[in-house]
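Architecture and fold: a report
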Amino acid sequence: MTGPLATPPGPPDSHRSTDELRLVVARVLLIGVALSAALVLAGFVASLLVGWDGSLRGAAPGGAPTDVGALAEGLRNLRPQAIAQLGLLTLILTPMARVAASLILFAVERDRTYVIVSMIVLVILLTGLLVIR
Amino acid sequence: MTPGADLALFGISVLSGIIGALAGVGGGILVIPALTTIFGVDIHLAIGASIVSIIATSSGAAVAYVRDRLTNLRVGMFLEVATTTGAVGGALAAAVVAPQLLYVLLAAVLGLSILQQVSRLGEELPPEVVPSRAAAALRLASSYPDHRLRREVPYAARRVGLGFVMMLLAGFLSGLLGIGSGVLKVLAMDGVMRLPMKVSTATSNFMIGVTAAASAGIYLGRGDVDARLAAPVALGVLAGALLGSRILVRLRNQQVRLIFVPIMVVVALQMLARGLGLHVAFLG
């Protein structure tokens, strides 16, 4: 934003570490969102050309990929569904990447309280991803 | 899906993204009923698409909110300990707890909160808050630039413990019932901890992505995230969330509450209908 408030007079937490944290978190989110939007859009456009179950390389029709192997096969054959699915996976991983980036930044700043806080969140997220099935 | 249906779904998703970005809630309240009632989609696929829409709303709007200092990162990250713990606990408890009663209880909690929200309709900023010792230790106090009031607004947090417990509950319910629980998050930050309304919705928006991501793996593994549905939803919600995040900075806190209260009423009715086993169109 550009405007009279773009550089506010000394907010209480505007010391450098918080500002840097903000910029890094915003950048990680932007990269994740842009990358996933591009992939999902590419998959969607491809689906208009060859259908969701088709393949841009002319491979036999295939269904929705539900595991890593099927996703890799779909990507090799440029299947619209696999391309979009990779974009959705990127979207789902973006919040986790944001927590991981914060953890690194807090560690660099030696902010012990928030290193512990972000580590707990990250461990719980990974537990949810791996254990609960 | 036909191109026409795709376009309609995209439009609904844009709307859902705008509302979600403004009110700090996920897209579930709009996306799930729309998919099941208008498009006749299976509920599991609808919930899978809604998980995607929650994360898209969150990450899409948070880019701007974090940069513009509306999101309080420390409040968000600290309370995420509670919401993610609660979410995993809720997912584990799903096998042993009957959800009917919980829906009714949640509806009752929301019903009571409606009274509190209505009593605050004319309030632009919370009264000056003396930060509690926990809030000071966690450095939760901050300030945000209010473009509408044209000044920097300092604020502090109080009743951090109670807010934390409420976030545990919010996470537990989202893990158990598959709801985004953005409404409960806003109520914990605005109602209990007395953060300004815009900071509460922006920080809730920031947090719902992580809560949803905690359970997204489960839905992905089951094949509930179907790209054919989720692709137009994700694109529409992202566009809507980007748009919504440009609107929020221009609104007064009172106007944000005016948007939030009707959403809360709808969610309360949806939960009541589910708890009583009623199937009403658009109440899910």
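Residues numbered from 1 in each chain as written. Chains lettered and ligands numbered in written order. Predicted model: local features only at pLDDT ≥ 70, side-chain atom pairs only at ≥ 80, totals over all residues.

In this section: the overall build of chain B. Helices and strands together make up the secondary structure of chain B, namely 11 helices and 2 strands. Along the chain direction, N to C, the helices and strands of chain B fall in the order α-α-α-α-α-α-β-β-α-α-α-α-α. Since a compact globule built from 284 residues should have a radius of gyration of about 19 Å, the 18 Å found for chain B is in line with a globular shape. By its C-alpha atoms, chain B is 55 × 40 × 30 Å across when sized along the principal axes. In chain B, buried positions account for 60% of the 284 residues. For chain B, contacts bridging at least 24 residues in sequence account for 81% of all contacts bridging at least 6. (Helix = DSSP H or I, 4+ residues; strand = E, 2+ residues; numbered from the N terminus. Rg over C-alpha atoms; globule rule 2.2 N^0.38 Å. Buried ≥ 20, exposed ≤ 12 C-beta atoms within 10 Å, placed from the backbone. Contact = placed C-beta atoms within 7 Å.)

Per-residue pLDDT for chain B has a mean of 88; in total, 97% of the residues score no lower than 70. The complex prediction reports pTM at 0.90, with the ipTM value standing at 0.89. (pLDDT = per-residue confidence, 0-100.)

Between chain A and chain B, the contact holds 49 residues from the first and 55 residues from the second. Only helix 1 (16-50), helix 3 (80-108) and helix 4 (112-130) of chain A provide two or more residues apiece to the side of chain A that touches chain B. Per element, the largest residue contribution to the side of chain A that touches chain B is 13 residues, and it comes from helix 1 of chain A.

Residues and elements named next belong to chain B. Looking at the element boundaries, Ala107 is found in helix 5 (residues 99-119). For Ala107, a count of 20 C-beta atoms within 10 Å puts it in the buried group. Sequence-wise, Ala107 and Pro3 are 104 residues apart; in three dimensions their C-alpha atoms are separated by 37 Å. Ignoring sequence-local partners within four residues, the contact set of Ala107 consists of Ala268, Met271, Leu272 and Gly275.

A separate point is the packing of helix 4 (residues 73-93) of chain B against helix 7 (residues 160-177) of chain B. Residues and elements named next belong to chain B. For the pair helix 4 and helix 7, interaxial distance at closest approach is 6 Å and the crossing angle is 35°. Seen from above, helix 4 lies across helix 7 with right-handed handedness. For the pair helix 4 and helix 7, the contacting residues are Leu79, Ala82, Thr83, Thr84, Thr85, Gly86, Ala87, Val88, Gly89, Gly90, Ala91 and Ala93 in the first and Gly163, Phe164, Met167, Leu168, Leu169, Ala170, Gly171, Phe172, Leu173, Ser174, Gly175 and Leu176 in the second. Classifying every residue of the contact of helix 4 with helix 7 by side-chain character gives 14 nonpolar, 10 polar and no charged. (Axes fitted to C-alpha atoms, helices over the stretch in contact; angles between N-to-C directions. Left-handed = near helix turned anticlockwise from the far one by under 90°. Nonpolar A, V, L, I, M, F, W, Y, C, P; charged D, E, K, R; others polar.)

Residue and element names in this part refer to chain B. Among the 5 residues of strand 1 (residues 142-146), 5 are classified as buried, and the element is accordingly described as predominantly covered. A two-sided burial pattern is seen for strand 1, the buried positions comprising Ser142, Tyr144 and Asp146 on one face and Ser143 and Pro145 on the other. Direction of pairing for strand 1 relative to strand 2 (residues 151-155): antiparallel, over a ladder of 5 bridges. Across the sheet, Ser143 pairs through a bridge with Pro154, a residue of strand 2. (Pairing = 2+ DSSP bridges.)

Within the largest apolar cluster, 132 residues are counted, with the highest numbers of intra-cluster contacts made by A:Leu88, B:Val52, B:Ile55, B:Ala230 and B:Ala234. At 15 residues, helix 3 (residues 43-67) of chain B tops the list of elements feeding residues into this core. In contact with B:Ile55, not counting residues within four places along its chain, are A:Leu91, A:Ile92, A:Pro95, B:Gly209, B:Ala212, B:Ala213 and B:Ala216. (Core = buried A, V, L, I, M, F, W, Y, C linked by C-beta atoms within 7 Å.)

Residue and element names in this part refer to chain A. Summing up the model confidence of chain A, the mean pLDDT is 84 and the portion of residues at 70 or higher is 86%. Mean pLDDT per element in chain A: helix 2 (residues 68-76) is the minimum at 88, and helix 3 is the maximum at 93. Across residues 1-14, where pLDDT falls below 50, the model places 20 contacts with residues more than four positions away in sequence or in other chains.

Below, the discussion takes up the packing of helix 4 of chain A against helix 9 (residues 197-221) of chain B. At a closest axis distance of 6 Å, the pairing of helix 4 of chain A and helix 9 of chain B adopts a crossing angle of 30°. When the interaxial angle is binned, helix 4 of chain A and helix 9 of chain B end up roughly parallel. Residues A:Val121, A:Ile124, A:Leu125, A:Gly128 and A:Leu129 of helix 4 of chain A pack against B:Val210, B:Ala213, B:Ala214, B:Ser215 and B:Gly217 of helix 9 of chain B. Of the residues in the contact of helix 4 of chain A with helix 9 of chain B, the class split is 7 nonpolar, 3 polar and no charged. (Parallel < 35°, antiparallel > 145°, perpendicular 65-115°, else oblique.)

Take helix 3 of chain B next. Residues and elements named next belong to chain B. With 25 residues, helix 3 should reach 36 Å at 1.5 Å per residue; the first-to-last C-alpha distance of 36 Å fits that figure. Where helix 3 bends most, at Ala61, the angle is about 35°. Within helix 3, 22 of the 25 residues are buried, which leaves the element mostly enclosed by the surrounding structure. Where helix 3 terminates, the next one or two residues include Arg69, which has phi positive at roughly 65°. (Expected span 1.5 Å × (residues − 1). Bend = angle between axes of the 7 residues up to and from the residue.)

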